[in-house]
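Below, each chain spelled out in residue letters.
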Amino acid sequence: MTSLISVLDLVLEDVVSICTVVLEMFGIIVLVVVAVKCFVRWVRRSPVNIRLNLAQGIALALEFKMGGEVLRTVVVREWSELGILGAIIVLRAMLTFLIHWEIRNEKKEQQEERKLQEAEKVQS
């Protein structure tokens, strides 16, 4: 029975390690793709919402990375590792919160600009 538990424990560690790497890779891919798209738009001086798209991409990438860190807590064996993972999760959560706050403010600014533009069109 203990050998079965040991084997299952090893399988769990392997599965969690693979899933963690996959989630972190998704986060990296999302971040790179969004950054390249926004950079191309910036170079072309496209009027598309570059800052908003970049912030949303960063937030999504951070959430994938945070998911990987949360999954990694499943196989933690020592308190020191758990403390480090906890600190990483808290920092990433704070970054995600700040980015979402920036996204909300950016959307409000864009709505106000649209309202001003519509008001100027009506007056013209």
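Everything quoted here is computed from the prediction, not taken from an experiment.

> How should the pattern of salt bridges be read in this particular structure?
Where charged atoms from two side chains of opposite charge come close, those side chains can pair. According to the stated counting rule, one finds eight salt bridges in the structure shown. Measuring nitrogen to oxygen at the nearest pair gives 2.8 Å for the salt bridge that ties D9 to R77. A residue pair is termed long-range when its members are at least 10 positions apart, and D9 in helix α1 (residues 2-43) and R77 in the loop between α2 (50-72) and α3 (79-123) qualify at 68 residues. Judged by relative accessible area, D9 falls into the partly exposed class, the value being 30%. Relative accessible area serves as the criterion here: at 51%, R77 is assigned to the exposed category. With a shortest N-O distance of 3.1 Å, E24 and R72 are connected by a salt bridge. Linking E24 in helix α1 with R72 in helix α2, this pair joins segments that are 48 residues apart in sequence. A relative accessible area of 15% means that E24 is categorised as buried. Judged by its relative accessible area of 31%, R72 is partly exposed. One network of salt bridges, in which partners are shared, links E24, K65, E69, R72 and R92.

Criteria and thresholds
Residues numbered from 1 in each chain as written. Predicted model: local features only at pLDDT ≥ 70, side-chain atom pairs only at ≥ 80, totals over all residues. Heavy atoms only, no water. Salt bridge = Lys/Arg side-chain N within 4 Å of Asp/Glu carboxyl O. Helix = DSSP H or I, 4+ residues; strand = E, 2+ residues; numbered from the N terminus. Buried < 20%, exposed > 50% of the residue type's maximum accessible area, 1.4 Å probe, protein only.

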